[in-house]
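# Secondary and tertiary structure notes
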Amino acid sequence: MTGCGLAGLAAAALGGLVTLTDRDETLFLLERNARNFAAEHCQDHRPRRSGKMSAAVGTEATCCSPPCARHLDWSEPLELDHPETPFQVILAADCLYSLEGAAALAAVVNALCCEPESAAFGAKVLLSQELRAPEVLESFLEKVIRAFRVSRLPSPPTLEQAAPCVMLYRLQPRCTH
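Residues numbered from 1 in each chain as written. Predicted model: local features only at pLDDT ≥ 70, side-chain atom pairs only at ≥ 80, totals over all residues. Heavy atoms only, no water.

The name recorded for the protein chain in an unreviewed UniProt entry is Calmodulin-lysine N-methyltransferase, from Durusdinium trenchii.

This part covers the overall build of the protein chain. A tally of regular secondary structure across the protein chain gives 5 helices and 6 strands. Ordered by position in the sequence, the α and β elements of the protein chain form the string α-β-α-β-β-α-β-α-β-α-β. By residue count, 38% of the 177 residues in the protein chain fall in the buried class. Of the accessible surface of the protein chain, which amounts to about 10200 Å², a share of 55% is contributed by carbon and sulfur atoms. (Helix = DSSP H or I, 4+ residues; strand = E, 2+ residues; numbered from the N terminus. Buried < 20%, exposed > 50% of the residue type's maximum accessible area, 1.4 Å probe, protein only. Areas by Shrake-Rupley, 256 points an atom, 1.4 Å probe, with all protein chains shown as cover.)

This part covers the sheet that holds strand β3 (residues 89–93). Taken in spatial order, the 4 strands line up as β3-β4-β6-β5 in an open sheet, and their pairing is mixed. Only two strands of the sheet have a single neighbouring strand rather than two, namely β3 and β5 (148–153). The average angle at which neighbouring strand axes cross in this sheet is 15°, direction not considered. Pairing between β5 and strand β6 (residues 166–173): 6 bridges, direction antiparallel. Along β6, the bridge assignment pairs Leu 153 with Leu 168. (Pairing = 2+ DSSP bridges. Axes fitted to C-alpha atoms, helices over the stretch in contact; angles between N-to-C directions.)

What follows deals with the pattern of salt bridges. Overall, the coordinates contain 3 salt bridges when judged by the stated rule. A salt bridge links Arg 132 to Asp 94; the nearest nitrogen and oxygen atoms lie 2.7 Å apart. Taken as a pair, Arg 132 in the loop between β4 (124–130) and α4 (134–144) and Asp 94 in the loop between β3 and α3 (99–114) lie far apart in primary sequence, 38 residues in all. Residue Glu 130 is joined to Arg 132 by a salt bridge in which the shortest nitrogen-to-oxygen separation is 3.4 Å. Overall, the relative accessible area of 33% leaves Glu 130 in the partly exposed class. (Salt bridge = Lys/Arg side-chain N within 4 Å of Asp/Glu carboxyl O.)

This part is about the packing of helix α1 (residues 6–13) against helix α2 (residues 24–41). For the pair α1 and α2, interaxial distance at closest approach is 11 Å and the crossing angle is 25°. With respect to their mutual orientation, α1 and α2 come out roughly parallel. Remark: the crossing between α1 and α2 carries right-handed chirality. Contact residues: α1 offers Leu 9, Ala 12 and Ala 13, while α2 offers Asn 33, Ala 34 and Phe 37. (Parallel < 35°, antiparallel > 145°, perpendicular 65-115°, else oblique. Left-handed = near helix turned anticlockwise from the far one by under 90°. Contact = heavy atoms within 4.5 Å.)

With a phi angle near 55°, Asp 94 is a residue other than glycine that sits in the positive phi range. With a relative accessible area of 28%, Asp 94 lands in the partly exposed category.

Another point: the pairing of β6. Along β6, 6 of the 8 residues are buried, which leaves the element largely enclosed by surrounding structure. In this structure, β4 lies alongside β6, joined through 6 bridges in antiparallel fashion. Among the inter-strand pairings, Leu 127 is bridged to a residue of β6, identified as Tyr 169.

The subject of this paragraph is the nonpolar core. In terms of nonpolar packing, the biggest core is built from 29 residues, with Leu 96, Cys 113, Phe 140 and Phe 148 touching the most fellow members. Elements that contribute at least two residues to this core include exactly β3, α3, β4, α4 and β6. Examining the composition of this core, we find that 8 residues originate from one element, α3, more than from any other. When neighbours within four sequence positions are excluded, Leu 96 is seen to be in contact with Gly 101, Ala 102, Leu 105, Leu 127, Gln 129, Arg 132, Val 136, Leu 137 and Phe 140. Counting 12 residues, the second largest nonpolar core, distinct from the first, contains Ala 11, Leu 27, Leu 30 and Cys 42. (Core = buried A, V, L, I, M, F, W, Y, C linked by side-chain atoms within 4.5 Å.)

Written out as structure tokens, the structure reads:
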């Protein structure tokens, strides 16, 4: 759910264990971006055990584990390898374009975060979305509201000035451990 992977690469730069996902048509772009990022920013390729994100203040952030790219098409059955450390956060950046896509994304998010055997059971979702068609965002939120506590986050002042139509949401699953 990354497009070109910028949000995920930013999380990797802060020390997160990151898996970038997209459909086959753009997977090559994610793989290239992950390789380029790793070559420039990941000196230590040993996986982190905690899965927590951290960055030292005043120093250049260096990821400990290079991000990987995986196929994920919302319209297909969900098949993600179960990582050693379960996913804790799902970043979804500008993913909603159609009502069909909203329904498919809602189904994937519900499955990832609310099915006990999932690789992301209990993970929170951070969604940023440009408001192109309000009915698409509303449709997505209607489909996740039963399984998640949904909070609209305030936009940082710089974002409000640059892009007043970008909406930020946090989805906390109601089905926790």
